[in-house]
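Coordinate inspection notes
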Amino acid sequence: MPVGVAGPAPVRRLTSGLLLAGVSAAAFSLSGVFASGLLATGWTPGSMVLVRVAVAALVVLPLGVLSLRGDWRPVRRNLGLIALYGAISVAGCQFAYFSAVQYMPVGPALLIEYTAPAAVVLWFWLRHGQRPTGATVLGTLLAAAGLVLVLDLVGPGAGSGASTDPVGVAWALLAMLGVSTYFVINADLSTGLPPLALAAGGLTAATLVLALLGATGLMPLGWSTASPVYGGTAVPWWLPVLGLGVVTAALAYVAGIAAGRLLGPRLASFVGLSEVVAAIGFAWLLLGELPRPVQLVGGVLILVGVVAVQAGEQKATPSGRRGRGRRAA
């Protein structure tokens, strides 16, 4: 069953989880659109990631404190987990991805990073003995095929210029580890941390890690106050910066954690693949980048894969475990 969910989820619970996961994926997917305009004006990826996470931390931190209702015991018990979440699932994942694309094309790097759902399924099989059902395996294969099509990695010229630099592959695998850790920790009900508190702690820890990387020169920093252009319209530089922080980080992480609590890490990770589909859609709407038919087919395959995984999760729910939550990791 979805780990961390007590018994079979009612329709309302499942619907809420899928809605929150969809909101999180859509919010995350906008990061590429916002970033494209800033990159064109001279911002470095490191600066965008640092500002994005720092703004999100400022937004979520007061809400996280309020969500504790004066009880700081869950925070004290989970300081190590919060630090791990911020360092690996937030800061480490983004730093590793941007490092990967310096050595290899974006498409293959994303493909490796988004093998995270399969890694989550494998983790729970090896670590907790939760063997995936046939439907889950089928959904994994369908989603993987759809991801290849959405990332436009097939067809004439798709592999031109592609690099298999082992350094890039290593960074992409580290990014995949960060994504996998994100889904596993999100769904852990045993911590007692409210979603807002986990998001606030993780974003704050990630800000400190990224600031350290920037201060030491490991992550180049550079920015500009020039107006970026979206869809032929110039906007103030601070507008996409706020969009990156408030929408693609604050909203995305809070909704993602809440979705993980409702769906469990395996299903939530597969729904998270819709981020790639949403990114194609937003690039079409805001940047005029029309998707190819093969990408639309890939999007359908991903959605069918998610449905198959959900069916597999329902079949794997033992009736004898109703009413008992379990630790996600």
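Residues numbered from 1 in each chain as written. Predicted model: local features only at pLDDT ≥ 70, side-chain atom pairs only at ≥ 80, totals over all residues. Heavy atoms only, no water.

In the annotation of an unreviewed UniProt entry, the protein is listed under the name EamA domain-containing protein and assigned to Promicromonospora citrea. Per its UniProt entry, the protein bears the Subcellular location (unreviewed entry) comment "Cell membrane". Under the heading Sequence similarities (unreviewed entry), UniProt records this for the protein: "Belongs to the EamA transporter family." (UniProt positions renumbered as here; feature names shortened; annotations may be inferred.)

1. Here we look at the pattern of salt bridges
With the rule as written, the count across this model stands at one salt bridge. Between Arg 73 and Asp 71 there is a salt bridge; the shortest N-O distance is 2.9 Å. (Salt bridge = Lys/Arg side-chain N within 4 Å of Asp/Glu carboxyl O.)

2. Some remarks on the packing of helix α4 (residues 79-100) against helix α9 (residues 195-215)
At a minimum axis distance of 7 Å, the contact between α4 and α9 shows a crossing angle of 55 degrees. Of the possible angle classes, the one that applies to α4 and α9 is oblique. Crossing hand, α4 versus α9: right-handed. Contact residues: Ile 82, Ala 83, Tyr 85, Gly 86, Ala 87, Val 90, Ala 91 and Phe 95 in α4; Leu 198, Gly 201, Gly 202, Leu 203, Ala 205, Ala 206, Val 209, Leu 210 and Leu 213 in α9. Here the residues of the contact of α4 with α9 sort into 14 nonpolar, three polar and no charged. (Axes fitted to C-alpha atoms, helices over the stretch in contact; angles between N-to-C directions. Helix = DSSP H or I, 4+ residues; strand = E, 2+ residues; numbered from the N terminus. Parallel < 35°, antiparallel > 145°, perpendicular 65-115°, else oblique. Left-handed = near helix turned anticlockwise from the far one by under 90°. Contact = heavy atoms within 4.5 Å. Nonpolar A, V, L, I, M, F, W, Y, C, P; charged D, E, K, R; others polar.)

3. Here we look at the packing of helix α2 (residues 45-67) against helix α10 (residues 238-263)
Close contact between α2 and α10 brings their axes to 8 Å; oriented N to C, the two are set at 60 degrees. Looking at the two axes, α2 sits oblique to α10. Considering how the two elements wind past one another, α2 and α10 form a crossing that is right-handed. Side by side, α2 and α10 meet where Met 48, Val 51, Arg 52, Val 55, Ala 56, Val 59 and Val 60 of the first sit next to Val 241, Leu 244, Gly 245, Val 246, Thr 248, Ala 249, Ala 250 and Val 254 of the second. By residue class, the composition of the contact of α2 with α10 is 12 nonpolar, two polar and one charged.

4. Some points on the packing of aromatic side chains
Counted under the stated rule, the structure contains eight aromatic pairs. For the ring pair Tyr 182 and Phe 183, a centre distance of 4.9 Å and an interplane angle of 70 degrees mean the geometry is edge-to-face. Both residues of the pair, Tyr 182 and Phe 183, count as buried. The interplanar angle of 80 degrees and the centroid separation of 5.8 Å between the aromatic rings of Tyr 182 and Tyr 253 together place this pair among those described as edge-to-face. Placement of the pair is Tyr 182 in helix α8 (residues 166-186) and Tyr 253 in helix α10, with a sequence separation of 71 residues. Like Tyr 253, Tyr 182 is buried. (Phe/Tyr/Trp six-rings, centres within 6.5 Å; stacked < 30°, edge-to-face > 60°. Buried < 20%, exposed > 50% of the residue type's maximum accessible area, 1.4 Å probe, protein only.)

5. Structural notes on the nonpolar core
Counting residues in each nonpolar core, the largest one holds 68 residues, and the members touching the most others are Tyr 85, Leu 203, Leu 210 and Tyr 253. For this core, the element with the highest residue contribution is α4, accounting for 10 residues. Beyond its immediate sequence surroundings of up to four residues, Tyr 253 is in contact with Phe 28, Tyr 85, Ser 89, Val 90, Gln 94, Tyr 182 and Leu 203. Core analysis: the next-biggest nonpolar cluster, separate from the first, contains 11 residues, Leu 30, Leu 38, Tyr 230 and Val 241 among them. (Core = buried A, V, L, I, M, F, W, Y, C linked by side-chain atoms within 4.5 Å.)

6. A word on helix α1 (residues 11-40)
Structurally, the α-helix is built with 3.6 residues per turn, so residues lying three or four positions apart point the same way. Relative to the 44 Å expected for 30 residues at 1.5 Å per residue, α1 spans 45 Å between its end C-alpha atoms, a close match to the ideal helical length. Within two residues after α1, Gly 42 carries a phi angle of roughly 115 degrees, on the positive side. (Expected span 1.5 Å × (residues − 1).)

7. A look at the side chain of Arg 52
The residue Arg 52 is located in helix α2 in this model. A distance of 3.0 Å separates a polar atom in the side chain of Arg 52 from a polar atom in the side chain of Gln 94. In this structure Arg 52 touches Phe 28, Ser 31, Gln 94, Leu 244, Gly 245, Thr 248 and Ala 249, once residues within four positions along its chain are discounted. (Polar contact = N/O pair within 3.5 Å; in protein donor to acceptor, adjacent residues only side chain to side chain.)

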